[in-house]
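Here is how the chains run, residue by residue.
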Amino acid sequence: MENHTFSFFILTFSTRASNRSALSVVFTLIYLTGVMLNFTIVIVIYWDRHLHIPMYLFLSNLSFVDICYTTTTVPKLIHTILSGNYMMSFIQCFAQMYVFSHVVTTEDLVLFIMAYDRYVAICHPLHYHSALSKKNCTLFMTSAWVIGGFNSLLATLTTSITPMCYSNTITQFFCELKAFANISCPNFGFQLLTYMEVIFGVGLFLGSIISYIKVIIVILHITSRDGRRKAFSTCSSHLIVLTMFYFTWMSEYIMPQSKHTQVYELTLSIVYATITPMLNPLIYSVRNKDVKRALLKMVGGKVNDE
């Protein structure tokens with residue numbers, strides 16, 4: 001079957017007309033809320049010069065990635081639900097796959113860099129300004145985007161030239177790498193790519209977890225109770241976001257292929273592709289006093305300096 005001569009059927013939710021309006025409203029609210037909250041984080045960090053430090057530079061990048069994340073998938077999903085047209089052309093599908101893979105890989109790397117930032121800040125504070133200098137931070141962020149683009153290009157090209165033998169139905173609400181595992185012909189290159197993607201993601205996750213284990217050990221040795229609380233508060237938000245993102249991602253990607261798990265996989269995909277990017281700025285703003293203080297100052301509210 002020639003890949004370029006057919007379209008893909010995106011198997012998402014019920015196609016009943018009575019459900020379309022409700023589903024479209026739900027996803028529109030999720031999308032707009034996520035974009036608004038993440039955009040607010042970016043604006044607040046840009047506006048308040050006191051937040052022009054590495055930790056918040058990385059956070060603003062994470063928020064921008066989350067905006068790209070949802071914009072790649074949710075508007076198309078809403079259009080699909082409202083129009084009832086569940087077909088996606090070859091070019092549309094792989095364009096979406098490239099952009100989504102790019103921002104997902106970048107998010108993996110940004111989360112890892114944020115973990116490294118907290119590790120250096122708490123475990124090696126005397127070396128923080130040299131390790132996280134402006135030049136190094138710029139290099140880290142640039143590298144994350146470049147590596148994300150290269151990895152996405154490799155994944156998209158490999159998948160696009162892999163013959164599709166079994167079906168043109170993608171059991172997912174957008175085009176992603178694992179969705180093609182069910183419909184592609186047995187191919188060593190594609191299988192190797194899938195394993196490499198999983199190893200890459202798991203490796204970054206383990207690196208972040210190891211960093212936080214060392215951070216927690218150092219925090220537990222801090223004699224001051226206020227010192228422990230302050231040190232932990234700077235890490236807890238990111239640890240929650242990290243765990244939430246990787247739990248849903250790994251639950252889907254490590255899960256064995258089966259017809260009985262399709263609904264579960266779709267649910268996990270919705271969580272990590274739409275809900276998680278919406279919750280990230282809420283977690284950071286609610287648990288971070290600096291962000292809350294800057295937000296209050298920007299809107300002209302009363303700031304409590306205690």
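Because the structure is a prediction, the values reported are computed rather than measured.

K.L.:
I tried to follow the pattern of salt bridges on my own but got confused; where do I start?
P.N.:
Side chains carrying opposite charge are able to pair once their charged atoms draw close together. Tallying each qualifying case throughout the model produces one salt bridge. Among the ionic pairs, Asp-117 bridges to Arg-118, the shortest N-O distance being 2.8 Å. Given a relative accessible area of 1%, Asp-117 falls into the buried group.

K.L.:
Just checking my understanding: could you explain the layout of surface pockets for this structure?
P.N.:
If you roll a probe as big as a water molecule over the atoms, it shows you where there is empty space left. In this structure, the largest pocket occupies an estimated 570 Å³ of space. Lining the largest pocket are 21 residues, with Lys-230, Ala-231, Ser-233, Thr-234 and Asp-290 sitting closest to its centre. If you list the elements that add at least two residues to the lining of the largest pocket, you get helix H2 (54-83), helix H3 (90-123), helix H7 (225-253) and helix H9 (289-298). At six residues, the largest contribution of residues to the lining of the largest pocket is made by H7. A breakdown of the residues in the lining of the largest pocket according to their chemical character gives eight nonpolar, four polar and nine charged.

K.L.:
Explain a positive patch on the surface to me, please; I cannot follow it from the model alone.
P.N.:
Residues Arg-225, Arg-229, Lys-230, Lys-289 and Lys-292 make up a contiguous surface patch of positive charge. Elements with a minimum of two residues in the positive patch: H7 and H9. With three residues, H7 is the single largest residue contributor to the positive patch. Note on placement: Arg-229 falls in helix H7.

K.L.:
Looking at this structure, how should I read empty space enclosed by the protein?
P.N.:
Counted according to the given criterion, the structure contains three cavities of 30 Å³ or more. Approximately 120 Å³ is the volume found for the second largest cavity. As for the second largest cavity, its lining consists of 13 residues, of which Met-55, Met-114, Thr-234, His-238 and Tyr-284 are closest to the centre. Counting residues per element, the ones that place at least two in the lining of the second largest cavity are H2, H3 and H7. Its residues assigned to classes, the lining of the second largest cavity shows six nonpolar, five polar and two charged.

K.L.:
What's the story with the sheet that holds strand S1 (residues 8-10) in this structure? I'm lost.
P.N.:
Adjacent strands of a sheet pair through backbone hydrogen bonds, lying either parallel or antiparallel. Across the sheet, which stays open at both edges, the three strands sit in the order S2-S1-S3 with mixed pairing between neighbours. Strands at the two margins of the open sheet, each flanked by one partner only, are strand S2 (87-88) and strand S3 (169-170). When S1 meets S3, the two strands line up parallel, connected through two bridges. Residue pairing in the sheet places Phe-9 in a bridge with Thr-169 of S3.

K.L.:
Which parts of the structure should I look at to understand the packing of aromatic side chains?
P.N.:
The description of two aromatic rings rests on the distance between their centres and on the angle between their planes. Under the counting rule described, the total for this entry stands at 13 aromatic pairs. Consider the rings of Phe-64 and Trp-145, whose centres lie 5.9 Å apart with planes at 55 degrees: the pair is tilted. You can see Phe-64 sitting in helix H2 and its partner Trp-145 sitting in helix H5 (residues 134-160), a full 81 residues away along the chain. A residue is classified by how much of its surface remains accessible, and Phe-64, at 42% relative accessible area, is partly exposed. Among the aromatic residues, those joined into a ring-pair cluster are Tyr-69, Phe-100, Phe-173, Phe-174, Phe-205, Phe-245 and Tyr-246.

Conventions we followed
Residues numbered from 1 in each chain as written. Predicted model: local features only at pLDDT ≥ 70, side-chain atom pairs only at ≥ 80, totals over all residues. Heavy atoms only, no water. Salt bridge = Lys/Arg side-chain N within 4 Å of Asp/Glu carboxyl O. Buried < 20%, exposed > 50% of the residue type's maximum accessible area, 1.4 Å probe, protein only. 1 Å grid on protein atoms, 1.4 Å probe; cavity = no way out; pocket = protein on both sides within 12 Å on 5 of 7 lines; lining within 4 Å. Points joined across faces, edges and corners; volume = space filled by probe spheres on them. Helix = DSSP H or I, 4+ residues; strand = E, 2+ residues; numbered from the N terminus. Nonpolar A, V, L, I, M, F, W, Y, C, P; charged D, E, K, R; others polar. Patch = residues over 30% accessible without salt bridge, like charges linked within 9 Å, V, L, I, M, F, W, Y side chains within 5 Å. Areas by Shrake-Rupley, 256 points an atom, 1.4 Å probe, with all protein chains shown as cover. Lys, Arg positive; Asp, Glu negative; His and termini not counted. Charge placed at Lys NZ, Arg CZ, Asp CG, Glu CD. Pairing = 2+ DSSP bridges. Phe/Tyr/Trp six-rings, centres within 6.5 Å; stacked < 30°, edge-to-face > 60°.

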